[in-house]
Amino acid sequence: MSKLISHDSTVLFHFTIKLEDGSVADSTQLHGKPARLTMGDGSLTDTFEQCLLGLRQGEAKSFTLAPEQAFGLSNPDNIYHLDRAKFGADVEPTVGAIIVFDQPNGGELPGIVRAVEGMSVTVDFNHPLAGHTVTFEVEILAVDDMEEVHG
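Residues numbered from 1 in each chain as written. Predicted model: local features only at pLDDT ≥ 70, side-chain atom pairs only at ≥ 80, totals over all residues. Heavy atoms only, no water.

Novice: Is there a simple way to think about the pattern of salt bridges in this case?
Specialist: When their charged atoms lie close together, side chains carrying opposite charge are able to pair. Going through the model one piece at a time under the given rule, you end up with three salt bridges. Residue glutamate 137 is joined to lysine 18 by a salt bridge in which the shortest nitrogen-to-oxygen separation is 3.3 Å. Separated by 119 residues along the polypeptide, glutamate 137 in strand 9 (residues 134-145) and lysine 18 in strand 1 (residues 9-18) bring together distant segments of the chain. The partly exposed category is assigned to lysine 18, whose relative accessible area is 25%. Across the pair arginine 84 and glutamate 92 runs a salt bridge whose closest N-O atoms are separated by 3.1 Å. Given a relative accessible area of 54%, glutamate 92 falls into the exposed group. (Salt bridge = Lys/Arg side-chain N within 4 Å of Asp/Glu carboxyl O. Helix = DSSP H or I, 4+ residues; strand = E, 2+ residues; numbered from the N terminus. Buried < 20%, exposed > 50% of the residue type's maximum accessible area, 1.4 Å probe, protein only.)

Novice: So what exactly am I meant to see when it comes to the environment of arginine 56 here?
Specialist: Tracing the sequence through the fold places arginine 56 in the loop between helix 2 (46-52) and strand 4 (60-65). Remark: the alpha-carbon pair of arginine 56 and alanine 142, spanning 86 residues in sequence, is separated by 8.0 Å.

This is how it looks when you write it as structure tokens:
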């Protein structure tokens with residue numbers, strides 16, 4: 001009898017995230033490397049974790065998640081109009097390009113260029129999938145309980 005995924009499980013699984021039009025936004029199958037997740041470690045949102053609870057090894061499921069359940073809605077406060085001069089000579093902002101900006105705390109924040117008009121560049125710092133309804137397809141490869149791993 002295979003184990004059910006619980007709040008203390010470590011899960012090895014393949015996943016695919018598809019957009020409304022069926023295009024694949026992300027997939028572990030494309031890279032041939034499954035994801036490993038310890039439930040509650042913050043690498044997936046609560047909603048994505050809720051989808052996994054109760055599944056067992058060998059099971060495959062598909063979930064459709066509204067933007068609020070998946071990557072959130074697009075927040076207009078995360079869209080900035082930057083002066084073209086702020087980009088280095090070696091960076092050519094083009095629509096659709098993803099540019100990584102250094103944060104004051106040393107971290108990095110990727111932004112998507114949405115528009116370039118004269119000296120103004122519109123950069124969107126929302127998650128690229130914000131505002132999208134997504135289909136989350138999972139295939140559970142293995143389930144381990146923490147007690148067994150650490151016990």
